[in-house]
Amino acid sequence: MAERPFNDISYEQFLNEEKLMGSRCKKCGTLFVPPRSICVKCYAAEMEWVEVEGKGKLAAFTCISVGPPFMIAEGYDRNVLMFPEL
Ligand SMILES: [Zn+2]
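Reading guide: rules and limits
- Residues numbered from 1 in each chain as written.
- Predicted model: local features only at pLDDT ≥ 70, side-chain atom pairs only at ≥ 80, totals over all residues.
- Heavy atoms only, no water.
- Pairing = 2+ DSSP bridges.
- Helix = DSSP H or I, 4+ residues; strand = E, 2+ residues; numbered from the N terminus.

Student: Quick question: what am I supposed to make of the sheet that holds strand 2 (residues 31-32) here?
Tutor: Pairing between sheet strands relies on hydrogen bonds along the backbone, with the strands arranged either parallel or antiparallel. The strand order across the open sheet formed by three strands is 2-1-3, and the pairing between neighbours is antiparallel. Two strands in the sheet have a free side with no partner beyond their single neighbour: strand 2 and strand 3 (47-51). Summarising the sheet, strand 1 (residues 21-25) and strand 2 pair through two bridges and their orientation is antiparallel. Each bridged residue has a counterpart across the sheet, and for Arg24 the counterpart in strand 2 is Leu31.

Student: Would you mind going over the environment of Pro68 with me for this structure?
Tutor: Along the polypeptide, Pro68 turns up in the loop between strand 3 and helix 2 (69-73). For the pair Pro68 and Ile9, spaced 59 residues apart in sequence, the C-alpha to C-alpha distance is 26 Å.

Student: Looking at this structure, I do not really get unusual backbone geometry. What am I missing?
Tutor: Backbone phi values are negative for most residues with the exception of glycine, while trans is the configuration of most peptide bonds. Residues Val33 and Pro34 are joined by a peptide bond in cis, for which omega reads 0 degrees. Within the chain, Tyr43 stands out as a residue other than glycine whose phi angle is a positive 65 degrees. The topology assignment puts Tyr43 in the loop between strand 2 and strand 3.

Below you can see the structure in the form of structure tokens.
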């Protein structure tokens, strides 16, 4: 497919093109999403881009809140619930 480096910049470029892409190790077939340039299973560096489609299950997510200093000074810091319905 595309000849882009296997890194987070390429991953984000694909997302902007509405494609969810991962890298697959050509040696052992392990799939990585987000992509890796080196396989952590067999340590091969020969990867190929693979478009990931279909349904999936969200395993985890993170929400990070860091306020700018002027808002923290006004009382909007991480100790204030911004979304009480969550
Ligand atoms: Zn591998």
